[in-house]
Amino acid sequence: MFLSSVSFCRNDKCSKKDSCLRYTTENDNIKSETYLVLTEEECNKSKSYINKDDYYKKMIMNIIDEVPNDDLDNKMLLQICNSLLDISKKYDLEKKLKEKIRKLESK
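Described below are features of the structure shown in this document. The structure presented is a predicted model; accordingly, all values stated were derived computationally and were not measured. (Residues numbered from 1 in each chain as written. Predicted model: local features only at pLDDT ≥ 70, side-chain atom pairs only at ≥ 80, totals over all residues. Heavy atoms only, no water.)

1. Points about the overall build of the protein
Along its length, the protein carries five helices and two strands. Reading the helices (α) and strands (β) of the protein from amino to carboxyl end gives β-β-α-α-α-α-α. Expressed as a percentage of its 107 residues, the buried residues of the protein come to 31%. Nonlocal contacts in the protein, meaning residues at least 24 apart in sequence, comprise 59% of its contacts between residues at least 6 apart. Within the structure as shown, the protein displays about 7,900 Å² of accessible surface, and the carbon and sulfur contribution to it stands at 49%. (Helix = DSSP H or I, 4+ residues; strand = E, 2+ residues; numbered from the N terminus. Buried < 20%, exposed > 50% of the residue type's maximum accessible area, 1.4 Å probe, protein only. Contact = heavy atoms within 4.5 Å. Areas by Shrake-Rupley, 256 points an atom, 1.4 Å probe, with all protein chains shown as cover.)

2. Thoughts on the packing of helix α2 (residues 52-65) against helix α5 (residues 94-105)
At their nearest, the axes of α2 and α5 sit 9 Å apart, and the two run at 30° to each other. On the basis of their axis angle, the class for α2 and α5 is roughly parallel. Like other packed secondary-structure pairs, α2 and α5 cross with a definite hand, here left-handed. Residues M61, I63, I64 and D65 of α2 touch α5, and the partners they reach there are K96, L97 and K100. For the contact of α2 with α5, the per-class residue count stands at four nonpolar, no polar and three charged. (Axes fitted to C-alpha atoms, helices over the stretch in contact; angles between N-to-C directions. Parallel < 35°, antiparallel > 145°, perpendicular 65-115°, else oblique. Left-handed = near helix turned anticlockwise from the far one by under 90°. Nonpolar A, V, L, I, M, F, W, Y, C, P; charged D, E, K, R; others polar.)

3. A short note on helix α3 (residues 71-83)
If you check α3, its first and last C-alpha atoms are 18 Å apart, about what 13 residues at 1.5 Å a residue would give, namely 18 Å. Next to the buried residues of α3 lie α2, α4 (85-90) and α5. With a side-chain oxygen lying 3.2 Å from the backbone nitrogen of L72, the N-terminal cap of α3 falls on D70. (Expected span 1.5 Å × (residues − 1). Polar contact = N/O pair within 3.5 Å; in protein donor to acceptor, adjacent residues only side chain to side chain.)

4. Describing the pattern of salt bridges
Evaluation of the coordinates by the stated rule reveals four salt bridges. A salt bridge links K89 to D86, with the shortest nitrogen-to-oxygen separation between them at 3.8 Å. Taken together, the residues K89 and D86, both in helix α4 and three residues apart, mark about one turn of the helix. Judged by relative accessible area, which is 60%, D86 ranks as exposed. R102 is paired through a salt bridge with E99; the nearest N and O atoms lie 3.2 Å apart. Residue R102 and its partner E99 are both found in helix α5; the two are separated by three residues, about one turn of the helix. When its relative accessible area of 47% is taken as the criterion, R102 is described as partly exposed. You can call E99 partly exposed: its relative accessible area is 34%. (Salt bridge = Lys/Arg side-chain N within 4 Å of Asp/Glu carboxyl O.)

5. A few points about the side chain of K100
Among the secondary structure elements, K100 is positioned in helix α5. One buried charged residue, K100, remains without a salt bridge, the closest side chain of opposite sign being D65 at 7.1 Å. Looking at K100, its side chain comes within polar contact range of the main-chain oxygen of I64, at 3.2 Å. Sequence-distant contacts of K100, defined by excluding residues within four places in its chain, comprise I63, I64, D65, E66, V67 and C81. (Lys, Arg positive; Asp, Glu negative; His and termini not counted.)

Structure, rendered in structure tokens:
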């Protein structure tokens, strides 16, 4: 999904690297990788900075809002929801996600 559509950044001098979804190190194994090395000024101009927290929160909300088309979709969404329970706590979305799980389990 996301990883196949983005270029990663290795600007070790960036002050945002701890919160940027694009930042990676040489130790990270990412297939089909393309690396950018942008200054912070270039990054801000091109809007290349992707805040991890904003991205993860939006991703969880998209899953919560997703409506399954059939039984297979329902099973897949249920599995995804369960896998996101831990991280949902960080974004205060655990209650909503658990409600989504209950709805999916009742189908």
